[in-house]
Amino acid sequence: KCGLLRNARDLFDQLHVRNVVTWTSLITAYANQGHGSEALNLYRKMQEEKIMPNSTTFVSLISACSHAGMTNEAREYFDSMSETYEVLPTVEHYACMADVFGRAGLLVEAENFLRKMPRHPNPVAWLALLSSCKARGDVERARYSANRIFEIDPKHIGARMMLSNIFTLAGMWNEAADVIQEIV
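As the structure is a prediction and not an experimental result, all values here were calculated from the model. (Residues numbered from 1 in each chain as written. Predicted model: local features only at pLDDT ≥ 70, side-chain atom pairs only at ≥ 80, totals over all residues. Heavy atoms only, no water.)

A.B. asks: Can you break down the overall build of the protein chain residue by residue, with the values?
C.D. replies: Along the protein chain, the regular secondary structure elements total 11 helices and 0 strands. Each helix and strand of the protein chain, ordered N terminal to C terminal, gives the series α-α-α-α-α-α-α-α-α-α-α. For the C-alpha atoms alone, the extent of the protein chain along its principal axes is close to 60 × 35 × 30 Å. Within the protein chain, contacts between residues at least 6 apart in sequence are counted, and of these 54% link residues at least 24 apart. Of the side chains in the protein chain, 19 bear a positive and 21 a negative charge, and the two mean positions are spaced by 2 Å. (Helix = DSSP H or I, 4+ residues; strand = E, 2+ residues; numbered from the N terminus. Contact = heavy atoms within 4.5 Å. Lys, Arg positive; Asp, Glu negative; His and termini not counted. Charge placed at Lys NZ, Arg CZ, Asp CG, Glu CD.)

A.B. asks: How would you summarise the environment of Ile166 if you had to cite specific residues and measurements?
C.D. replies: Within the secondary structure, Ile166 sits in helix H10 (residues 157-169). On the basis of relative accessibility, which here comes to 4%, the residue Ile166 falls in the buried class. Between the C-alpha atom of Ile166 and that of Lys134, which follows or precedes it by 32 residues, the distance is 5.6 Å. Apart from residues lying up to four places away in sequence, Ile166 is in contact with Leu130, Cys133, Lys134, Val139 and Ala142. (Buried < 20%, exposed > 50% of the residue type's maximum accessible area, 1.4 Å probe, protein only.)

A.B. asks: Tell me what's going on with the packing of aromatic side chains, and back it up with residues and numbers.
C.D. replies: Under the criterion given, the structure shown has 9 aromatic pairs. Ring geometry for Phe12 against Trp23: centres 4.7 Å apart, planes inclined by 75°, an arrangement best described as edge-to-face. Taken as a pair, Phe12 in helix H1 (residues 5-14) and Trp23 in helix H2 (residues 20-32) lie far apart in primary sequence, 11 residues in all. The pair formed by Phe12 and Trp23 is uniform in burial state, with each residue classed as buried. Chaining the aromatic ring pairs together yields one cluster made of Tyr43, Phe58, Tyr77 and Tyr85. Across the ring face of Tyr144, the terminal group of Arg148 is positioned such that the distance to the ring centre comes to 4.2 Å. The ring of Phe150 has Arg160 sitting right over it, with the charged end atom 3.9 Å from the ring centre. (Phe/Tyr/Trp six-rings, centres within 6.5 Å; stacked < 30°, edge-to-face > 60°. Lys NZ or Arg CZ within 6 Å of the ring centre and 35° of its normal.)

A.B. asks: Give a description of unusual backbone geometry that names residues and reports values.
C.D. replies: Apart from glycine, the bulk of residues carry a negative phi angle, and the bulk of peptide bonds sit in the trans form. Despite not being glycine, Lys50 has its phi angle at roughly 65°, a positive value. With respect to the helices and strands, Lys50 occurs in the loop between helix H3 (36-48) and helix H4 (55-68). According to the relative accessible area criterion, Lys50 is exposed, its value standing at 71%. The backbone of Glu86 shows a phi angle near 55°, a positive value even though the residue is not glycine.

Shape descriptors only; they carry no functional weight alone.
Given below as structure tokens:
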């Protein structure tokens, strides 16, 4: 977490026994520090050692792809979770994929992807899309994403603040005020 990847790698290399936790920890460290390609290389080495990935491994892999702009690879990892490894996607995986598409500017794909998501009583994935809508200035998709969140949590402060900011940036002052008014 403190960015000392060389030290982490040295410790990892000294381990006599490596398991899914140690591999995933190192993959996560590289992904979080913006070294997506190295994170994916570590995953390939993990596979060579016949270590089975788990749900957390895939969150880290998809996140690494997101930060590295590797949309197609992220989709392949997402698909392989259930098809190859029998790991069922969670809301975190869907949120990571929404982030992948959103960072690539593929908001339509992100929305369509989330529409296929099994019902999860958790706004995390829709928040990822809402954040991308803010970055891209997509007001209507932002409104749709926020409404999905409000179906789960009508007073979700984070979503209300973000939607209000999106409306404000678009010069939609009345809408911005109305969204915030719903909090009180």
